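# A structural walkthrough
Spelled out, the chains give:
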Amino acid sequence: MRPTPHRRLAATCAAVAAAGALALAGLPGSAAAQADPSATSPTTLSPAETASVARTSPGVLTAMQRDLGLTSAQAKARLVNEAEAGADAGVLRGALGRNFAGAWVGGATSATLTVATTDASDVPAIEARGAKAQVVDHSVAQLDAAKGQLDRAAKRTATRDAPVWYVDVRSNAVVVRAVHTAAAKHLVTAAGVGSSLVRVERTTERPRPLYDLVGGEAYYMGGGRCSIGFPVTKGTQQGFATAGHCGRAGTATSGYNQVAQGTFQASIFPGKDMAWVAVNSQWTATPYVKGQGGQRVGVGGSTQSPVGASICRSGSTTGWHCGTISQHNTSVTYPEGTISGVTRTTVCAEPGDSGGSFISGSQAQGVTSGGSGNCSSGGTTFHQPINPLLQQYGLTLKTTGGGGDPDPGEPGGTWAAGKVYAAGDSVTYGGSTYRCLQPHQAQPGWEPPNTPALWEAV
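Owing to the predicted nature of the structure, the values given are computational and were not obtained by experimental measurement.

### Side note on helix H5 (residues 72-96)
Taking 1.5 Å of rise per residue, the 25 residues of H5 would be expected to cover 36 Å, and the 36 Å separating its terminal C-alpha atoms lies within 8% of that figure. With 18 of 25 residues buried, H5 lies mostly within the body of the structure. Positive backbone phi, at 60°, marks Gly97, one or two positions downstream of H5.

The following block contains the structure:
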């Protein structure tokens, strides 16, 4: 059984203390790094270790404290709790099956995990996992299907005045945000979605792509400027992931120093907002993004954080800013068209931040797409999730390393390092079958038996 919320806080304090001790000792914050080399059994990593919480950059923690109103201890506790909650939510998603209606974290330190279900008989199982249960009318599958109808209708319906829609698990509805409610109603009618599934919210926001934006480091395309999202590799070729609206295939780039850098290899926008650039031999991909004051922030992996989790963004215009994840699976209409599958956040951004890095703890989340508002009065920003981008182009995220040493044996099976897995995917490894709990790109050392935060034996 997982800890209940009040037990989870105690476990969090212990985990944070352990992480601090590791930092003082100058050792990496993972159990694998301390394992007895002579041990024959694989090291089992906790959710916090799998998410490399102990190796989270001080710059990320400082920005979380500033923007989320946290103390240092609360920021660390929040990351540990969010790693734990992500794993618990993944287990419950598999256990509840078609009744699953979403999960989210709450509280200053994300100590409370809420899991929704359409069947009241699931409540004991949810509470046994240490989560709060909420019984609702619609499953995530039903909400996703309704949003899919809106996505299809948007291809033949003007959505400039109803620019954002998403699955909101906390309100158990598909929310359509509209400048004019008539536009939202027209979209819903065209989609044929039942009114019980939809909630319309008024907004004055008109999101747009954040052109001329810089995330970690600036790069230039002719008269335009965007930012590197995350360094990647494709075989021996090095490059970086960025936003699709920044350039088309064949567009040449130069770096922050105006030195010739590379060429866009592929780009999708609208529909999605993803692209990647291959660089020349003068440039080397590193497992870092540019943090506060130019310090380097390590990227440990790409495990997707749950709704409600903390998230930070790097941008050269506005620097480091943090907020929380509002919704996954969002569609947003820009003047150029609609993009789907992006994540909506409370992080602010301004022109000059486009294409840049969204990171949660040490886990890459996505590249800046667009938004509304600014960092003076607040705003909303959308990011293209990194895992679909990596999968689309067959890229490997550059990271500081997996959770431990690769299994030295030859267990066989379908699991493979470098492959992107979605929640619910099944693999075999060492003669056993495992189900994926959280979306991520697999790394050496993250074999299914070693990472219960990511895989569940079935």
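Next comes the rest of the write-up.
### Brief notes about the state of the cysteines
The tally for this structure, following the rule as stated, stands at three disulfides. Here Cys226 is linked by a disulfide to Cys246, with a sulfur-sulfur distance of 2.1 Å. Because the sign of the S-S torsion sets the handedness, a value of about -85° for the bond joining Cys226 and Cys246 places this disulfide among the left-handed ones. Taken as a pair, Cys226 in strand E9 (residues 224-227) and Cys246 in the loop between strand E11 (237-242) and strand E12 (252-254) lie far apart in primary sequence, 20 residues in all. The burial state of Cys226 is the same as that of Cys246; both residues are buried.

### Observations concerning the environment of Gly255
Structurally, the position occupied by Gly255 is in the loop between E12 and strand E13 (260-268). Overall, the relative accessible area of 0% leaves Gly255 in the buried class. For Gly255 and Tyr219, which are 36 residues apart along the polypeptide, the C-alpha to C-alpha distance reads 4.5 Å. If near-sequence neighbours (up to four positions away) are discounted, Gly255 is found in contact with Ala218, Tyr219, Tyr220, Gln261 and Trp283.

### Quick look at the packing of helix H7 (residues 140-154) against helix H8 (residues 181-191)
Relative orientation and spacing of two packed helices are given, respectively, by the angle between their axes and the distance between those axes. Two elements in contact, H7 and H8, have axes separated by 8 Å at closest approach and are oriented at 105°. In this view, H7 runs roughly perpendicular relative to H8, as classed from their interaxial angle. Between H7, through Gln149, Leu150, Ala153 and Ala154, and H8, the contact on the second element is made entirely by Leu187, Val188, Ala190 and Ala191. A per-class count over the contact of H7 with H8 returns seven nonpolar, one polar and no charged.

### Brief notes about the packing of helix H4 (residues 58-68) against H5
One way to put it is that H4 packs onto H5 with a least axis distance of 9 Å and a crossing angle of 105°. Here H4 lies roughly perpendicular to H5, going by the angle between them. Of H5, the residues touching H4 (which contributes Leu61, Met64, Gln65 and Leu68) are Ser72, Ala75, Lys76, Arg78 and Leu79. Considering only residue class, the contact of H4 with H5 consists of five nonpolar, two polar and two charged.

### Regarding the sheet that holds strand E28 (residues 455-457)
The strand order E25-E26-E28 describes an open sheet built from three strands, whose pairing is antiparallel. Because the sheet does not close on itself, it has two edges, and the strands there are strand E25 (426-429) and E28. Across the sheet, the axes of successive neighbouring strands diverge by a mean angle of 35°, strand direction being ignored. Relative to strand E26 (residues 432-436), E25 is paired through four bridges, and the arrangement is antiparallel. Directly across from Ser426, in E26, lies its bridge partner Arg435.

### Some words on the pattern of salt bridges
This structure, assessed with the given rule, holds eleven salt bridges. The residue Asp151 makes a salt bridge to Lys147 at a minimum N-O spacing of 2.9 Å. Placement of both Asp151 and Lys147 in helix H7 is noted, with a separation of four residues, approximately one turn of the helix. In this structure Lys147 comes out as buried when scored by relative accessible area, which is 1%. A salt bridge links Arg177 to Glu205, with the shortest nitrogen-to-oxygen separation between them at 3.8 Å. Of this pair, Arg177 sits in strand E5 (residues 173-178) while Glu205 is found in the loop between strand E6 (198-202) and strand E7 (208-209), placing the two residues 28 residues apart along the sequence. Of the two residues, Arg177 and Glu205, neither departs from the other in class, the shared state being buried.

### Side note on unusual backbone geometry
With omega at -5°, the peptide bond leading from Phe269 into Pro270 counts as cis. Mapped onto the elements, Pro270 comes out in the loop between E13 and strand E14 (274-279). The phi angle at Ser110 is positive, at roughly 55°, despite the residue not being glycine. In this fold, Ser110 is placed in the loop between strand E1 (100-106) and strand E2 (112-117). One non-glycine residue, Asn172, lies in positive phi territory at about 55°.

Calculation notes
Residues numbered from 1 in each chain as written. Predicted model: local features only at pLDDT ≥ 70, side-chain atom pairs only at ≥ 80, totals over all residues. Heavy atoms only, no water. Helix = DSSP H or I, 4+ residues; strand = E, 2+ residues; numbered from the N terminus. Expected span 1.5 Å × (residues − 1). Buried < 20%, exposed > 50% of the residue type's maximum accessible area, 1.4 Å probe, protein only. Disulfide = S-S within 2.5 Å. Contact = heavy atoms within 4.5 Å. Axes fitted to C-alpha atoms, helices over the stretch in contact; angles between N-to-C directions. Parallel < 35°, antiparallel > 145°, perpendicular 65-115°, else oblique. Nonpolar A, V, L, I, M, F, W, Y, C, P; charged D, E, K, R; others polar. Pairing = 2+ DSSP bridges. Salt bridge = Lys/Arg side-chain N within 4 Å of Asp/Glu carboxyl O.

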